[in-house]
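Observations on the model geometry
Residue-level listing of the chains:
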Amino acid sequence: MDKTEKIWLNGKLVNWEDAKVHVLAHALNYGTGVFEGIRVYHTPKGPAIFRLKDHVQRMLDGCKMMGFDLEFDGKKYGFEEICAAIKETVRANGDAVDYVKPCVFLSGEEVGLNPIGVPVSMAITCVHMGNYLGEGSKAGAKLITSSWHRPDNLCGPAGAKVNGAYITSTLAKREAVRQGASEAVMLNSVGHVAECTGENIFIYRHGRILTPPASESILEGITRNSIIQVARDMGYEVVEIEISRFMLASATEVWMTGTAAEIAPVTCIDNRPVGNGEIGPVATAIHARFHDIVTGKVPEYESWIDYIN
Ligand SMILES: Cc1ncc(COP(=O)(O)O)c(C=O)c1O
């Protein structure tokens, strides 16, 4: 990750170094925040944000769940104001920006779990991320099955990107990297394949594309949603269905989807090759189509693109 110049904090653009919180900030101690990860792409009409409105809506849904009110410097922030603030921050940071991370969090200094009345802050940070899973994964990512389970819908709002919930993802990611893999797939509390640490998962098996449904305690990824639609538009049959470890191990193709990782084909899981161990034709075709869509080359999907200028 490369840092940028300005961070939007509570209504103002401040220098990167000046975007600070207190060590007793509630969010730092108890994970009380909601965040998003959003990609910026270069298109023939200039820089553009992919599915900005869907990301902002998911963040607002998370804030509603957590009981956060968004008012900074006497101004209330709703859907339109947040979209405008994100665009303003991208504009202020120049051409290298490819990833935006808005975060709403309890910044007030407080000891104790009661979140009611603790002051809320919002920060919007832009970075240059590049290839999230590293250059090595371009030839196919290696996965392990994590010993950590994806937290269940009953342990927290699995459909919201709540900061504290990411502890499990960081434990699973550490486990993967320590074993020489780039990602970990997490099973849910009943042992079905749920998702990876920051990506949803798709498999291609017996001529159909399969992915776990929202009821399997996954984050309802915006890239996942895009790929379901794009793959159907390309003529593939896509089914949201429970996936067992056996189905995963015997799939012809596997790929992950996420804003940071984009479409990342998987060629090895738990030291077993996926299919013939090479990136397959379905993932390749979908990846190419997705790339054209996010870079503004496919008019049918223009509504997913928000131009910065
Ligand atoms: C746990 C988890 N699953 C899946 C995803 C993919 O979601 P999206 O495509 O909206 O980035 C993410 C990334 O935000 C994530 O953190």
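About the thresholds
Residues numbered from 1 in each chain as written. Predicted model: local features only at pLDDT ≥ 70, side-chain atom pairs only at ≥ 80, totals over all residues. Helix = DSSP H or I, 4+ residues; strand = E, 2+ residues; numbered from the N terminus. Rg over C-alpha atoms; globule rule 2.2 N^0.38 Å. Buried ≥ 20, exposed ≤ 12 C-beta atoms within 10 Å, placed from the backbone. Contact = placed C-beta atoms within 7 Å. Near = placed C-beta within 6 Å. Nonpolar A, V, L, I, M, F, W, Y, C, P; charged D, E, K, R; others polar. Axes fitted to C-alpha atoms, helices over the stretch in contact; angles between N-to-C directions. Parallel < 35°, antiparallel > 145°, perpendicular 65-115°, else oblique. Left-handed = near helix turned anticlockwise from the far one by under 90°. Domains from an automatic or database assignment. Core = buried A, V, L, I, M, F, W, Y, C linked by C-beta atoms within 7 Å. Pairing = 2+ DSSP bridges. Right-handed = clockwise from strand over helix to strand, strands pointing away. Expected span 1.5 Å × (residues − 1). Arc of directions from axis to C-beta.

Comments concerning the overall build of the chain
- The secondary structure content of the chain amounts to seven helices and 19 strands.
- Here the C-alpha radius of gyration of the chain, 19 Å, is about what a compact globule of 309 residues would show, namely 19 Å.
- Each principal axis of the C-alpha atoms in the chain carries an extent, and together these give about 55 × 45 × 30 Å.
- Expressed as a percentage of its 309 residues, the buried residues of the chain come to 44%.
- Within the chain, contacts between residues separated by at least 24 positions form 71% of all contacts whose residues are at least 6 apart in sequence.

Things to note about the site of the ligand
- Taken together, 15 residues lie near the ligand, and Gly-221, Ile-222, Thr-223, Gly-258 and Thr-259 sit nearest.
- Of all elements in the fold, only helix H5 (222–233) and strand S16 (253–258) reach the threshold of two or more residues within the shell around the ligand.
- Residue contributions to the shell around the ligand peak at three residues, all from H5.
- Residue classes in the shell around the ligand are distributed as two nonpolar, nine polar and four charged.

Points about the packing of H5 against helix H7 (residues 281–294)
- The geometry of H5 relative to H7 is characterised by a closest axis approach of 10 Å and an angle of 110 degrees between their N-to-C directions. The orientation of H5 with respect to H7, classified from their angle, is roughly perpendicular. When you trace H5 past H7, the crossing you get is right-handed. Seen from H5, the contacting residues are Ile-227, Val-230 and Ala-231; seen from H7, they are Ile-286, Arg-289, Phe-290 and Ile-293.
- Classifying every residue of the contact of H5 with H7 by side-chain character gives six nonpolar, no polar and one charged.

Concerning the domain arrangement of the chain
- What the domain assignment lists for the chain is domain 1 (6–127) and domain 2 (135–294).
- Averaged C-alpha coordinates put domain 1 and domain 2 at centres separated by 26 Å.
- Contact with domain 1, which involves 22 residues of that partner, is made by eleven residues of domain 2.
- When residues of the side of domain 1 that touches domain 2 are traced back to their parent elements, those giving at least two are helix H1 (26–30), strand S3 (33–35), strand S4 (38–43), helix H2 (52–66) and strand S8 (99–106).

Remarks on the nonpolar core
- Within the largest apolar cluster, 80 residues are counted, with the highest numbers of intra-cluster contacts made by Ala-184 and Val-254.
- At six residues, H7 tops the list of elements feeding residues into this core.
- Inspection of this core shows a minimum of three residues originating in each of domain 1 (6–127) and domain 2 (135–294).

Some remarks on unusual backbone geometry
- For Asp-73, which is not glycine, the phi torsion reads 55 degrees and is therefore positive.
- Within the secondary structure, Asp-73 is located in the loop between strand S6 (71–72) and strand S7 (75–76).

Things to note about the pairing of strand S14 (residues 208–211)
- Examined bridge by bridge, strand S13 (residues 200–205) and S14 share three bridges and lie antiparallel to one another. The residue bridging Tyr-204 from the neighbouring strand is Ile-209, located in S14.
- Here S13 folds back onto S14, and the loop between the two strands holds two residues, one of which, His-206, carries a positive phi near 50 degrees.
- Here S14 pairs with strand S15 (residues 238–240) via three bridges, running parallel. Considered in S15, the bridge of Leu-210 is made with Val-239.
- Following the chain from S14 across H5 to the adjacent parallel S15, one finds a crossover that is right-handed.

With respect to the environment of Asn-163
- Following the sequence through the fold, Asn-163 ends up in the loop between strand S10 (141–145) and helix H4 (166–178).
- Classification of Asn-163 as buried rests on a count of 20 C-beta atoms within 10 Å.
- Excluding anything up to four places from it in sequence, Asn-163 contacts Ala-27, Gly-31, Gly-33, Phe-35 and Phe-105.

Here's the deal with the packing of H2 against helix H3 (residues 79–92)
- Direction vectors running N to C along H2 and H3 enclose 125 degrees, while the axes themselves pass 10 Å from each other. Relative to H3, the element H2 lies oblique. Viewed along their axes, H2 and H3 form a crossing whose handedness is right-handed. Residues Leu-52, Lys-53, Val-56, Gln-57 and Leu-60 of H2 form the contact with H3, whose own contacting residues are Phe-79, Ile-82, Cys-83 and Ile-86.
- Considered class by class, the residues forming the contact of H2 with H3 number seven nonpolar, one polar and one charged.

Observations regarding the environment of Ala-160
- Within the secondary structure, Ala-160 is located in the loop between S10 and H4.
- Taking the C-alpha atoms as reference, Ala-160 lies 26 Å from Leu-13; in sequence the two are 147 residues apart.
- In contact with Ala-160, other than residues within four places in its own chain, are Val-34, Asp-61, Gly-62 and Met-65.

With respect to H4
- Given a rise of 1.5 Å per residue, 13 residues ought to cover 18 Å, and the 18 Å separating the end C-alpha atoms of H4 matches this to within 8%.
- Turning to H4, its buried residues number three or more, namely Ser-169, Ala-172, Lys-173 and Ala-176. The buried side chains of H4 occupy one side of the element, clustering within an arc of 105 degrees when seen end-on. Summarising the geometry of H4, the exposed residues directed more than 90 degrees from the buried face are Ile-167, Thr-170 and Arg-178.
- As for H4, its buried residues are in contact with S10 and strand S11 (183–187).
- One or two positions beyond H4, positive phi appears at Gly-180, with a value near 80 degrees.

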